[in-house]
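One-letter residues, chain by chain:
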Amino acid sequence: MATLLYIKSSIFGDGGQSSQLAAAFIEKWKAKHPQGEILVRDLITENFPHMDGTVVTALRGDAAEHSDEHRAILQRSDELVAELNKADEVVIGVPFYNFNIPSQMKSYFDLLARAGVTFSYTENGPVGLIEDKPVSLITTRGGMYRDSGMDFQIPYVKQFLGFIGLKNIEVIYAEGLAMGGVAEKSLADANAQIAAIH
Ligand SMILES: Cc1cc2nc3c(=O)[nH]c(=O)nc-3n(C[C@H](O)[C@H](O)[C@H](O)COP(=O)(O)O)c2cc1C
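Small disclaimer: the values here were computed from a predicted structure and weren't measured.

Asker: Residues and numbers for the site of the ligand, please.
Answerer: Not every one of the 19 residues close to the ligand is listed here, only the nearest: Gly-16, Ser-18, Pro-95, Gly-142 and Gly-143. At the level of elements, helix H1 (17-32) and strand S3 (89-95) are the ones that each hand at least two residues to the shell around the ligand. Taken together, the residues of the shell around the ligand sort by class into eight nonpolar, 10 polar and one charged.

Asker: Explain the pairing of strand S5 (residues 125-128) to me, and be specific about the residues and the numbers.
Answerer: Both strand S4 (residues 119-122) and S5 contribute to a ladder of four bridges, which runs antiparallel. What sits directly across from Ser-120, in S5, is Val-127.

Asker: Please provide a residue-by-residue account of the nonpolar core, values included.
Answerer: Within the largest apolar cluster, 37 residues are counted, with the highest numbers of intra-cluster contacts made by Leu-21, Val-91, Ile-92, Leu-137, Ile-138 and Ile-172. Ignoring any residue separated from it by four or fewer positions in sequence, one finds Val-91 in contact with Leu-4, Tyr-6, Ala-22, Phe-25, Ser-136 and Ile-138.

Asker: Lay out helix H6 (residues 154-163) with the relevant residues and their values.
Answerer: Among all positions in H6, only Ile-154, Val-157 and Leu-161 are buried. Buried residues along H6 cover an arc of 60° about the axis, so they all sit on one side. Facing away from the buried side of H6, by more than 90 degrees, are the exposed residues Pro-155 and Gln-159.

Rules behind the numbers
- Residues numbered from 1 in each chain as written.
- Predicted model: local features only at pLDDT ≥ 70, side-chain atom pairs only at ≥ 80, totals over all residues.
- Near = placed C-beta within 6 Å.
- Helix = DSSP H or I, 4+ residues; strand = E, 2+ residues; numbered from the N terminus.
- Nonpolar A, V, L, I, M, F, W, Y, C, P; charged D, E, K, R; others polar.
- Pairing = 2+ DSSP bridges.
- Core = buried A, V, L, I, M, F, W, Y, C linked by C-beta atoms within 7 Å.
- Buried ≥ 20, exposed ≤ 12 C-beta atoms within 10 Å, placed from the backbone.
- Contact = placed C-beta atoms within 7 Å.
- Arc of directions from axis to C-beta.

This is the structure:
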């Protein structure tokens, strides 16, 4: 049975533009995988801790010295890694807020970055330990940044995912959503790209 992991991160929930495009993606995926399983991880409602002294001790410290709080954080991280490993395919809604990803997504990435679990360093450099699989990144933006030299978001997300092993990435850009005369075509193009994926 195929498994799709849907990672959502719009502060507007299912009403967000990225969530609506992801919903279209999921409809197509379901039609192709009627028996498939869909795992949903809503980064906004998770309330992940920010990276701080407690989180870094939980993820990198000596387990023998862990408190209950450290163990709870580590368990949460283990669950996130396990679902990423379980998925055959991943779709990620990535809204553009103040020139970058939602801060909740940064906390999510911080919980995924685990030496010996999601990446390791070898004499040839870093190696990702998550088995590669198709990842669709749906980015929604009020303005236009693609290939402008000012897109600090998608290059960063691709760098992070590639670092843990996910390199098979297709990006769906829906840009100019706050720009009259641009938004409609941009959404139509994004929907057409999504329709062509499955
Ligand atoms: C808090 C906030 C910050 C934003 N910052 C930017 C920005 O820096 N550049 C931009 O082009 N659009 C910006 N936008 C517009 C969003 O990128 C746009 O509304 C997009 O559709 C958000 O995706 P979502 O609807 O899935 O949440 C911002 C919107 C919000 C709510």
